[in-house]
Structures are given as C-alpha cells and as structure tokens.
Amino acid sequence: MTNLPEPAGTPGPPEMRAGDADRERVAQVLREAAGDGRLTLAELDERLDAVYAAKTYGELEPITRDLPAPGTAMPPAPAAGASGPDWSPVQGAPTWKTGVGIMSGFTRAGVWNVPRRFRAFAFWGGGKIDLREARFDEPVTTIRALAIMGGFEVIVPDDITVHVKGLGIMGGFDNRASGPGAPGSPTVVVKGLAFWGGVGVKRRRSSRQKRREKELKRPKGD
C-alpha cells in the first residue's frame, strides 16, 4: 500500500481492518485528485463509494493505485469522533446561482457548488433544489424563492443547520425542516414568498450518511 496516506509508521497487512480515519484519508486523496483534474466527477463518486464500502487495507489500496503517492504534507486524519462530510467546493463541479421555472421546471442536484446566494423563481412551474450531495462556497447559504402559482422542493441533508423564514399567501412555506445541524456544518437559510404556490423544505439522508450507517451496522467479523 505504498500510495495510501499514512499518518506515521508502516502500512499494516492487507487483511488488517480499516478504520474511519483510514477511509477519510483515502477519500481526501481522491478529492484532491479530482481537484487536480486527474479524476472526473463520475470517477470521484464511483471511487468514494468503494472507499466507504472498504473493510480492509487490501480493499483500500487499489482505489488510489493509479494516483500519485501523497506527500508528507497530507492533511492529518480527523480526530476520533470528529470526522464528517467535506463541505468544501469541488473544482470542475457546476455552480448554479439561479433556477427558473416558467410553465416548466428545473432541477439542481448531484455534486454542485452552492454559492452564497441562490435565487429561484417559478410561475406556473416549479423546481427541485437538492443539496444532499452539494458543496458550499460559504458557511451560510441563502436561498431566496419566489413561487407564483408554482412551487419548489428543497431537499437538505439532515446534518446541516436550516432556517426557513418564508411567507405563504394563499400558499404554503413549510418550515418544519428548520433546526440545528452537526457542529461545523453549513447553514442554509430559505426565505421568500409563495403566492398561490408552495415551497417545501425536507430533510433527507445523503448517500454518504447512508454508506456510513451501513458500515456501522455490518458485523465486525465480516
């Protein structure tokens, strides 16, 4: 495992069980490789799936075999119990600042970089703003939504802080998703107006959270 990032010492045998810190270090190598243009976003997503499913050093090693070996300046492993999603922007991912649905619809989903302000407008139409796999340019993101005889669905990962402050006139602006997130997570503020329309904000688990939950549920003897 010569190209696996190691905090110190000699890599263990291939059959040795990998921990969360090991998987996070490999995931960081992949993100940096994507930022350098060595991996496409599709390849990054595929390899991250393999990283979080890996149980041993032997399963982690092939994932970065074709990438340059990390130098001594690799980011340190997260402290125990403090590891979490990487919310920083991904180079090469799309950055959308607006979404417009006029007698039509739009979707903003997948891996994308969310700016400090995002504006959405719908007239006899709608849109879906999915933040489960998104990255954030700033610690606080404001989504300003105006729905006139239309509607929006905003999906946020359930570990971020959300504040819903919109107004509904002969319509609805659902604020049930408002609440705190994990320490250090981004904050998303959803505000605006729904007139004869609606804005629904829902919390959902991201694919990363689901992978981690599956890993924790697996018997340690597997």
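Since the model is a prediction, treat every value here as computed from it, not as a measurement. (Residues numbered from 1 in each chain as written. Predicted model: local features only at pLDDT ≥ 70, side-chain atom pairs only at ≥ 80, totals over all residues. Heavy atoms only, no water.)

### Some points on the overall build of the chain
Next, step 1: Each helix and strand counted, the chain has 4 helices and 13 strands in total.
Next, step 2: A fraction of 67% describes how many contacts in the chain between residues 6 or more apart in sequence connect residues 24 or more apart.
Next, step 3: Accessible surface for the chain amounts to roughly 11,500 Å². Of this, 55% is attributable to carbon and sulfur atoms. (Helix = DSSP H or I, 4+ residues; strand = E, 2+ residues; numbered from the N terminus. Contact = heavy atoms within 4.5 Å. Areas by Shrake-Rupley, 256 points an atom, 1.4 Å probe, with all protein chains shown as cover.)

### Comments concerning the environment of F121
Next, step 1: Here F121 shows up in strand 4 (residues 117-123).
Next, step 2: A relative accessible area of 28% places F121 in the partly exposed class.
Next, step 3: Linking F121 and G151, residues 30 residues apart in sequence, is a C-alpha distance of 8.9 Å. (Buried < 20%, exposed > 50% of the residue type's maximum accessible area, 1.4 Å probe, protein only.)

### So, the packing of aromatic side chains
Next, step 1: Overall, the coordinates contain 6 aromatic pairs when judged by the stated rule.
Next, step 2: When the centroid spacing of 5.9 Å and the interplanar angle of 65° are considered together, the rings of W87 and F136 count as edge-to-face. Placement of W87 in the loop between helix 3 (57-60) and strand 1 (98-102) and of F136 in strand 6 (residues 135-136) is noted, with a sequence separation of 49 residues between them.
Next, step 3: The buried category is assigned to F136, whose relative accessible area is 5%.
Next, step 4: Taken together through their ring pairs, the aromatic side chains of W96, W112 and F118 make up a single cluster. (Phe/Tyr/Trp six-rings, centres within 6.5 Å; stacked < 30°, edge-to-face > 60°.)

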